[in-house]
Structure formats: structure tokens, C-alpha cells
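Listed here are the chains, written in short residue letters.
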Protein chains: 2
Amino acid sequence: MEIIGIVGGVGPYAGLDLARNIFNETIAGKDQDHLPVTIMSIPEKIEDRTEFLLGNTTTNPAYAVSKIILQLENAGCTVIGIPCNTMHSSEIFNVIQAELKKAGSQIRLINMIDEVILFISHFYPEINKIAVLSTTGTHKTGVYYNKLKAAGFDPIIHSDELQEEIHKAVYDEQFGIKAYSKNPSKKAKNILVNGISSFKELGAEGVILGCTEIPYALPYKFLQHIPLLNPTQILGRSLIYHSYPEKLVKKL
Amino acid sequence: MEIIGIVGGVGPYAGLDLARNIFNETIAGKDQDHLPVTIMSIPEKIEDRTEFLLGNTTTNPAYAVSKIILQLENAGCTVIGIPCNTMHSSEIFNVIQAELKKAGSQIRLINMIDEVILFISHFYPEINKIAVLSTTGTHKTGVYYNKLKAAGFDPIIHSDELQEEIHKAVYDEQFGIKAYSKNPSKKAKNILVNGISSFKELGAEGVILGCTEIPYALPYKFLQHIPLLNPTQILGRSLIYHSYPEKLVKKL
């Protein structure tokens, strides 16, 4: 039996959002038709990933995350998703993979970034120039940039000033989305919308919402006629595809 | 270390909704401040509880649920919530408790119904006449009725015709909330709002939203000046109280 495992807690609401996306994208008419999903949301022990990538702490969150994945495997999970873009930077994700290998894990860990790029290739073949709204950790380590390049896309480069603003829209303790997930502030929304305008001026044809908190503030499929790509939704679909492909809703 | 365990899948969205309520009711400024929560959503093996209570199937869902609770305990959980009112009917809940005891479980299983009644006693001491919007399974087995009586409240009795309508608002495959959790139908909402009007005519001073799907259609604290009591929110608060009481948001 396949069970989908979710590494929750990064952040806590993102774990639930991934599960909700799985349920939304499943062909189901009643409770019993839904897929088996286990979420472990143990945020206390997972160091902030942007702080690690910026060198402000030396503890790689990969160790705590790989322990959670092994616990999920122990609880019967066969396929895993981590709904956090920053966790997919190679300095973290490669260490998670190495730790799992060392422990003899058989689990299939899905790479959200690869799934997003594959999704764009399938569903938006006409798109070439792609921008990414993300935290500074995801940005500085080129999580999307390198893989977009490798897949033949033309990733948009934006200024450090704009990046700093976008990061604040997520993390600022006064107005950031993380502080007000229930009800994102007008200020955070405006920064993100202005970011998309700037991306458009730079030629962007698609924008990846490259932090799992951003769709709470921008719950749209299009903005300024540009498709907004939601990695949590795409990862949800991929987890279904990799466990119960016959249950995946075909139409987007 | 305390870990909160959630029996998900009954229904799948209710499991997420309970976790969201826990996060919303926790004093937290960043990801790491949030409480450890594990959700197992394995709906396939859990028989429909109303069908069992109405005698349409002989498989008591208590056996599948107690197995999931033991798996949660095995994964480190110390306190458990089941976000489904119907599962709390004595024909099911007592069997879950007996199965856990038989297996030597040490876990603390919180009874959502008891917590709701305790909550009303604390926060609405002036209320006496209470009505319950619920499925027919919850209604027929007197899940709330008996405990409200025992606690000195005056539970409102409504007609079978009205009950049938309310059940349809949840379960109908054409317009019920279960079929359209993402976007409850106008028809389902109207049935529930009319139900509350009828309850008010019968003297109700408070209404328990006694099915975890109902708050998706009625996300209000008051309707027609009557407080709506949301058991998922109350259970979320109780699970925090029974694990990390210092982290519970005090103001409602």
C-alpha cells in the first residue's frame, strides 16, 4: 500500500496546504475515495533554512528533516514531499538525500523544483522567460535559476533591492505573510504585486510563486495576464501521480 | 516530549481543519514556535460512521480508528483528537476506548463532545437552551443530547423532517458540503441557515455546529444573534491545553 508522507512544519500551514492540494487534485466522491496521507509537523527542531543558507547559523536543517522522513517511512510512508522551496537548495536537499541513503531508506523523495519545471514544460510549452518570487535563501542559492537554465529556460534576473523587499513580504515580523498567514497584510500583497510588475517589465512570461507562503497572499492563477505557478499545487499533483496515478484529476 | 496526534480522514479536510485550528490558537511568532502535530489521514479503511449507526453496515469504524491511534502512539503521539462528531457516539467511541485499553495504550484520547460542553459552561454561562446541527447519525444516537442533559443544559428537540434536510446539506451527492467542501453550495447553506431559524423559533440560545463539515458552509461566530459553537476549534484549543497549556491563545 502506498502512503504519501508530508514533511510539515516548514512552515506549519504549508504542510496543511500541500495536503489540501492533494485532496483537491484527487478524483473522489466520498471520504473513503481519498488517498492515505500522513503529515508530521515538528517545526521546533528544524532550524530556519534561510538563516542557514545565509550563514547565520551552522546547523543544517537537513539533519532534522531527514530524521522526520525516516520516521514517516517507519510509519508506512512510501513517497515524500517537502512543501518548502528553500529546503530544496542543493546545500540542504543533497544532504537530506545523503542521510536517507546512509540510513538505507527505500523512500521516494520527490523534488518539488524538478516537478515545477517539468510542469511548465508540459503545460506552458510557449513560455521561455520565467521569474521567481522567493525568499532570499531560495534566491541566493539559485534553487530555481540553475535548474531553469539547465532545462533550457531563460530565468529573469532582478535587482538585490527588489529581492530584499520580496523577502520582507514573507518574513517581516510586522507585516510579513509568516506573521499573518491567516490574513496576509495589504503591504505584503502590494510588494508581491509590484514585484510581478517589475518582472513583467523585465520580460517575464511566467512567475513561479517560489515560497509556499506566497500563494496565501496571491491566490490567483493569473496576474497581469501572466500565469502564476504554485509549487505546492504542482507537488500535490506529483505526489498523487507517483502513488495513485489513476486518481489524479486530469483537468487543471 | 508531547506530540498531538490527529485521526484524519473523517473527513480528510476535517483533519486539516483541526490542525489549522491548533496552529491558529497557538501563541507563535515563527515556524519553530508551533506545536508538534502528526496527522494520519487513511480514510479508505474507515467505514462510514452514519451508515454503521443506521445499521446499513455491520463494520464498526472503531476498529480501524483504534488501529490508527495505536500507529500514532507508535509514532510518538501522546494526546489524540478525532475531528468527527459522529465518531463520538457511544457505540463507536466506547469501542475505540476499549480497543486502546486492550492494546495497553497510554495515549490520552480527548473526547470532543465533553470539551464542547465544558467550553459552553465556561464561556457562555448564561446559555441554557442549545440546539445541534448535525448528521442523522450524530442526531439519532444522541451524541450531544445525552451529555447536554447530564450537564444541566436544555437541549432543543427538532422534527425528523428538519433533521433529514440538515443531513442532506452535508451528505447529498448533488449539493451536499462533503461533495463540494471547496465551495459549499448555496442550497446547502440555505438549509443550514433555515435550520438555525427553526432552532431560534424553538428557543435556542446557542447552536453547536455538530458536524465538522458544517463550518465550511457557516464560517461565522454568530448568526441571527445566536453564537455558533465550532467543535473543531474547541477541540483544537483542548489539544493545546492538554499538551502545552502555556502556548494556548487566551482570548477567543
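Residues numbered from 1 in each chain as written. Chains lettered and ligands numbered in written order. Predicted model: local features only at pLDDT ≥ 70, side-chain atom pairs only at ≥ 80, totals over all residues. Heavy atoms only, no water.

Below, the discussion takes up the pattern of salt bridges. Taken as a whole and judged by the stated rule, the model has 20 salt bridges over all chains. As a salt-bridge pair, arginine 49 of chain A and aspartate 31 of chain B come within 2.9 Å of each other at their nearest N and O atoms. Residue arginine 49 of chain A is located in helix 2 (residues 49-53), and its partner aspartate 31 of chain B is located in the loop between helix 1 (12-24) and strand 2 (37-41); the two belong to separate chains. Like aspartate 31 of chain B, arginine 49 of chain A is buried. Of the charged contacts in the structure, one is a salt bridge between arginine 237 of chain B and glutamate 25 of chain B, with a shortest N-O distance of 2.7 Å. Pair noted here: arginine 237 of chain B is in helix 11 (residues 231-241) and glutamate 25 of chain B is in the loop between helix 1 and strand 2, with a separation of 212 residues, a long-range link. Accessibility classification places arginine 237 of chain B together with glutamate 25 of chain B in one group, the buried group. Linked by salt bridges that have partners in common, Asp31 of chain A together with Arg49, Lys178 and Glu213 of chain B make up one network. (Salt bridge = Lys/Arg side-chain N within 4 Å of Asp/Glu carboxyl O. Helix = DSSP H or I, 4+ residues; strand = E, 2+ residues; numbered from the N terminus. Buried < 20%, exposed > 50% of the residue type's maximum accessible area, 1.4 Å probe, protein only.)

A separate point is the sheet that holds strand 5 (residues 129-133) of chain B. All names here are of chain B. Spatially, 6-5-7-9-8 is the arrangement adopted by the 5 strands of the open sheet, whose pairing is mixed. Every other strand in the sheet has two partners, leaving strand 6 (154-155) and strand 8 (222-223) as the edge strands with one partner each. Here strand 7 (residues 206-209) pairs with strand 9 (residues 226-229) via 2 bridges, running parallel. Looking at the pairing, isoleucine 208 lines up with leucine 229 of strand 9. (Pairing = 2+ DSSP bridges.)

This part takes up unusual backbone geometry. The omega torsion of the bond from valine 10 of chain A to glycine 11 of chain A falls at -15 degrees, within 30 degrees of zero and hence cis. In this model, glutamine 224 of chain B sits at a positive phi of 55 degrees, which is unusual for a non-glycine residue. Position of glutamine 224 of chain B relative to the elements: it lies in the loop between strand 8 and strand 9. Judged by relative accessible area, glutamine 224 of chain B falls into the partly exposed class, the value being 28%.

Overall, the coordinates contain 0 disulfides over all chains when judged by the stated rule. Here cysteine 77 of chain A is not cross-linked by a disulfide; its sulfur's nearest cysteine counterpart is in cysteine 77 of chain B, at 13 Å. With a relative accessible area of 4%, cysteine 77 of chain A lands in the buried category. As a non-bridged cysteine, cysteine 211 of chain B has cysteine 84 of chain B as the owner of its nearest cysteine sulfur, 7.1 Å distant. Among the residues examined, cysteine 211 of chain B registers a relative accessible area of 7% and is labelled buried. (Disulfide = S-S within 2.5 Å.)

Here two copies of a chain appear, and what relates them is a rotation about an axis with a shift along it. The two copies are related by a screw operation: chain A maps onto chain B through 180 degrees of rotation and 0.0 Å of translation along the axis, at an RMSD of 0.0 Å. As the rotation angle and translation indicate, the two copies are arranged about a two-fold axis. Among all residues of chain A, the minimum C-alpha distance to the rotation axis is found for isoleucine 39 of chain A, at 2.5 Å. An overlap of 100% is found between the interface residues of chain A and their copies at the interface of chain B, pointing to a shared contact surface. (Least-squares fit on C-alpha atoms with pLDDT ≥ 70 in both. Contact = heavy atoms within 4.5 Å.)

Residue and element names in this part refer to chain B. Counting buried positions over the 5 residues of strand 1 (residues 4-8) gives 5, a clear majority of the element. In strand 1, alternate side chains face the same way, and those of Ile4, Ile6 and Gly8 on one face and Gly5 and Val7 on the other are all buried. The pairing of strand 1 with strand 2 spans 5 bridges and is classified as parallel. Across the sheet, the residue bridging to valine 7 is methionine 40, located in strand 2. In terms of handedness, the path from strand 1 via helix 1 over to strand 2 forms a crossover that is right-handed. Across 3 bridges, the pairing between strand 1 and strand 3 (residues 79-81) is parallel. Bridge pairing in strand 3 links isoleucine 6 to glycine 81. (Right-handed = clockwise from strand over helix to strand, strands pointing away.)

The subject of this paragraph is the side chain of arginine 49 of chain A. Assessed through its relative accessible area of 2%, arginine 49 of chain A is described here as buried. With sequence-adjacent residues up to four places away left out, arginine 49 of chain A is seen in contact with Val10, Gly11, Pro61, Cys84, Thr86, Met87, Ile92 and Lys178 of chain A together with Asp31 and Gln32 of chain B.

It is worth spelling out the interface of chain A and chain B at this point. Many authors give the size of an interface as the accessible area that is lost as the parts come together. If you look at the interface, chain A gives 34 residues, while chain B gives 34 residues. Carbon and sulfur atoms supply 55% of the area that chain A and chain B bury against each other, a total of about 2900 Å² over both sides. Its largest share of buried area at the contact with chain B, chain A owes to Leu16, Asp31 and Gln32 of chain A, together 21% of the area lost on that side. Seen at the junction of chain A and chain B, the total is 4 salt bridges. Linking chain A with chain B are 11 residue pairs in polar contact (both at pLDDT 80 or more). If you list the elements that add at least two residues to the side of chain A that touches chain B, you get helix 1 (12-24) and strand 2 (37-41) of chain A. (Buried area = accessible area lost by both parts, 1.4 Å probe. Polar contact = N/O pair within 3.5 Å; in protein donor to acceptor, adjacent residues only side chain to side chain.)

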